[in-house]
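Residue-level structural notes
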Amino acid sequence: PKSTPHGITRSQHATTEFAQPWTFAPMTFRNIATFVAFVANTIITYGSQAGWFGATNQQQSLKYQTLVTPSGFAFAIWGPIFVLEGAYACVQLLPNWRSEPGVAKGVRYWYVAVCAAQAGWTFAFAQDAVCLSMVFMLMILAALGALLGALVRVAREELSPEPSPSCVPLRYILLHSPFLLHFGWITAATVVNANVLLVKYASGAHSLQLSAAIASLALLLLPGLYNPLTTPSGAADPLYSAVLAWAFFGVHKELSKAPLQGDLATWCPLLVADALSNVAALMSVLLLAVVLGRVALGALRPLQAESTRSPEKMRVYPPYTEHSVAKNDSKPCRGAGGGASGTQVQTRFWSGLGEGEETRYITCTHSHKVEAEHHHQAA
């Protein structure tokens, strides 16, 4: 008999191995709705830039120029957002991704809600309904927050084994990064939309607009440092923080222009604009430093864990291999509270991602039901 990583003896004839733990799920209405929502949102967004629904976003931004409006080049981030969300909309149609917990229990219908709210914002802003556009903007923010929060819960609860280590980067790119990019930019856009409200309905209250801009720059830094909706640990995901750093940089470049755009040129002194520009640049550099620090720590953590492992625990086992173990003795099943000869216990072994191994006792084929147990062996 051979010994498993956790010392459980198994015979060669009683072992069945499955290399792929994922299951194939049928196409659902959710999968189709997600794809249709992405296509519809892409067409509506393109139409808004072509003036199909009224004034374009660029025209409206110039009309309601604020002290926290990013420069035009910063809006190029919508390119990666749409590309990655398009990739997700296609991938989630594939059989092996339909049952992925992040898709089925994480994203669910939240992305459809995001697209619906974004379409509503596009129509409202084009028609100069700024108050209504603010409502839709908050709806987009809430839907994206709920989506990412659900993904975090799925990761925290470990509802199913992760893909093999070689697939983890691809899973992050397709399942997390589209919505982290979108959430980061909508976080900044919500602040801008709130300032647009002041410009429209309190155009003469210049001191109020200046105070709102200062408060906006200060408050926008906080989610870039801590946001539990983006990671299980609570620290803001580096990609999310990088988007906010990009937004701050866009504000810095816009305020660096001389003269200022729109109505700002009539009342905002260049000294004030330069001061706010420097503050935005400082915020951008600070967040970028935080991003680089977290990425570096994330790269070093597996190396540190590997260096502390004892030689006997450094054996390499096949990732995510499932074994069926037959026990034909009179010992009781684990957790069954009773015994019976001829019991059969199915176990699964997954090699850990740098932290150790996990054993799950799944079922017992006699009258006593076995509670699922998790045993972790520290690395």
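Okay, so let's go over this structure. (Residues numbered from 1 in each chain as written. Predicted model: local features only at pLDDT ≥ 70, side-chain atom pairs only at ≥ 80, totals over all residues. Heavy atoms only, no water.)

Let us look at the environment of Ala155. Relative to the helices and strands, Ala155 is located in helix H7 (residues 130-157). Through-space distance from the C-alpha of Ala155 to that of Pro101 is 8.9 Å; in sequence the pair is 54 residues apart. (Helix = DSSP H or I, 4+ residues; strand = E, 2+ residues; numbered from the N terminus.)

Moving on: unusual backbone geometry. With the exception of glycine, the majority of residues adopt a negative phi angle, and the majority of peptide bonds are in the trans configuration. Residues other than glycine seldom take positive phi values, yet Arg108 does so here, at roughly 50 degrees. In this structure, Arg108 sits in the loop between helix H5 (101-107) and helix H6 (110-126). For Arg108, a relative accessible area of 33% puts it in the partly exposed group. Of note in this structure, Asp128 is not a glycine but carries a positive phi near 65 degrees. Here Asp128 lies in the loop between H6 and H7. Accessibility expressed as a relative area gives 22% for Asp128, which makes it partly exposed. (Buried < 20%, exposed > 50% of the residue type's maximum accessible area, 1.4 Å probe, protein only.)

Looking now at a nonpolar patch on the surface. A surface patch of nonpolar side chains, amounting to about 780 Å² of accessible area, comprises Met27, Ile32, Phe35, Val36, Val39, Ile43, Tyr46 and Trp52. Along the chain, the position of Trp52 falls in the loop between helix H1 (29-49) and helix H2 (57-63). The exposure class of Trp52 is exposed, given its relative accessible area of 52%. (Patch = residues over 30% accessible without salt bridge, like charges linked within 9 Å, V, L, I, M, F, W, Y side chains within 5 Å. Areas by Shrake-Rupley, 256 points an atom, 1.4 Å probe, with all protein chains shown as cover. Salt bridge = Lys/Arg side-chain N within 4 Å of Asp/Glu carboxyl O.)

Moving on: the packing of aromatic side chains. Going through the model one piece at a time under the given rule, you end up with 14 aromatic pairs. Members of the aromatic cluster, connected to one another through ring pairs, are Tyr46, Trp52, Phe53 and Phe123. The ring of Tyr201 carries Lys200 above its face, with NZ or CZ at 5.4 Å from the centroid. (Phe/Tyr/Trp six-rings, centres within 6.5 Å; stacked < 30°, edge-to-face > 60°. Lys NZ or Arg CZ within 6 Å of the ring centre and 35° of its normal.)

Moving on, we come to the nonpolar core. Judged by nonpolar contacts, the single largest core of 68 residues is most densely connected at Leu67, Val107 and Phe179. No other element matches helix H8 (residues 168-201), which puts 14 residues into this core. Ignoring any residue separated from it by four or fewer positions in sequence, one finds Phe179 in contact with Glu85, Tyr88, Val107, Tyr111, Leu144, Leu147, Leu148 and Leu151. (Core = buried A, V, L, I, M, F, W, Y, C linked by side-chain atoms within 4.5 Å. Contact = heavy atoms within 4.5 Å.)

Where H6 meets H7, the closest approach of the two axes is 8 Å, and the angle between their N-to-C directions is 165 degrees. Classified by the angle their axes make, H6 and H7 are roughly antiparallel. Like other packed secondary-structure pairs, H6 and H7 cross with a definite hand, here left-handed. On H7, the residues that touch Trp110, Tyr111, Ala113, Val114, Ala117, Gln118, Gly120, Trp121, Ala124 and Phe125 of H6 are Leu132, Ser133, Phe136, Met137, Met139, Ile140, Ala143, Leu144, Ala146 and Leu147. Grouping the constituent residues of the contact of H6 with H7 by class yields 17 nonpolar, three polar and no charged. (Axes fitted to C-alpha atoms, helices over the stretch in contact; angles between N-to-C directions. Parallel < 35°, antiparallel > 145°, perpendicular 65-115°, else oblique. Left-handed = near helix turned anticlockwise from the far one by under 90°. Nonpolar A, V, L, I, M, F, W, Y, C, P; charged D, E, K, R; others polar.)

Next up on the list: the layout of surface pockets. For the second largest pocket, the calculated volume is near 890 Å³. The wall of the second largest pocket is formed by 34 residues, among which Asn57, Gln58, Ser61, Phe75 and Trp78 lie closest to the centre. Sorting the residues of the lining of the second largest pocket by element identifies H1, H2, helix H3 (78-91), H6, H7 and H8 as the ones contributing at least two each. For the lining of the second largest pocket, the element with the most residues is H8, which contributes seven residues. Class assignment for the residues of the lining of the second largest pocket results in 16 nonpolar, 16 polar and two charged. (1 Å grid on protein atoms, 1.4 Å probe; cavity = no way out; pocket = protein on both sides within 12 Å on 5 of 7 lines; lining within 4 Å. Points joined across faces, edges and corners; volume = space filled by probe spheres on them.)

Right, let's get into the packing of helix H9 (residues 206-225) against helix H10 (residues 238-255). For the pair H9 and H10, interaxial distance at closest approach is 9 Å and the crossing angle is 160 degrees. In terms of axis orientation, H9 runs roughly antiparallel to H10. Viewed along their axes, H9 and H10 form a crossing whose handedness is left-handed. From H9, Leu217, Leu220, Leu221, Pro223 and Gly224 reach across to H10, where they touch Tyr240, Ser241, Leu244, Phe248 and Val251. For the contact of H9 with H10, the per-class residue count stands at eight nonpolar, two polar and no charged.

Let's shift gears to H1. For H1, which comprises 21 residues, the first-to-last C-alpha distance of 30 Å matches the rise-based estimate of 30 Å (1.5 Å per residue) to within 8%. Considered for burial, the residues of H1 that qualify are Arg30, Asn31, Ala33, Thr34, Ala37, Phe38, Asn41, Ile44, Thr45, Gly47 and Ser48. On its buried face, H1 is in contact with H2, H3, helix H4 (95-98), H5 and H6. Gly51 lies just past H1 and shows a positive phi near 80 degrees. (Expected span 1.5 Å × (residues − 1).)

Our focus in this paragraph is the side chain of Asp237. Of note, Asp237 is situated in the loop between H9 and H10. Although buried, Asp237 forms no salt bridge, and the nearest oppositely charged side chain, Arg294, lies 8.1 Å from it. Once residues lying within four places of it in the same chain are set aside, the contact partners of Asp237 are Tyr172, Leu180, Thr230 and Thr231. (Lys, Arg positive; Asp, Glu negative; His and termini not counted.)

Below, the discussion takes up the environment of Leu219. Relative to the helices and strands, Leu219 resides in helix H9. Measuring from C-alpha to C-alpha, the distance between Leu219 and Val191 comes to 9.0 Å, with 28 residues separating the pair along the chain.

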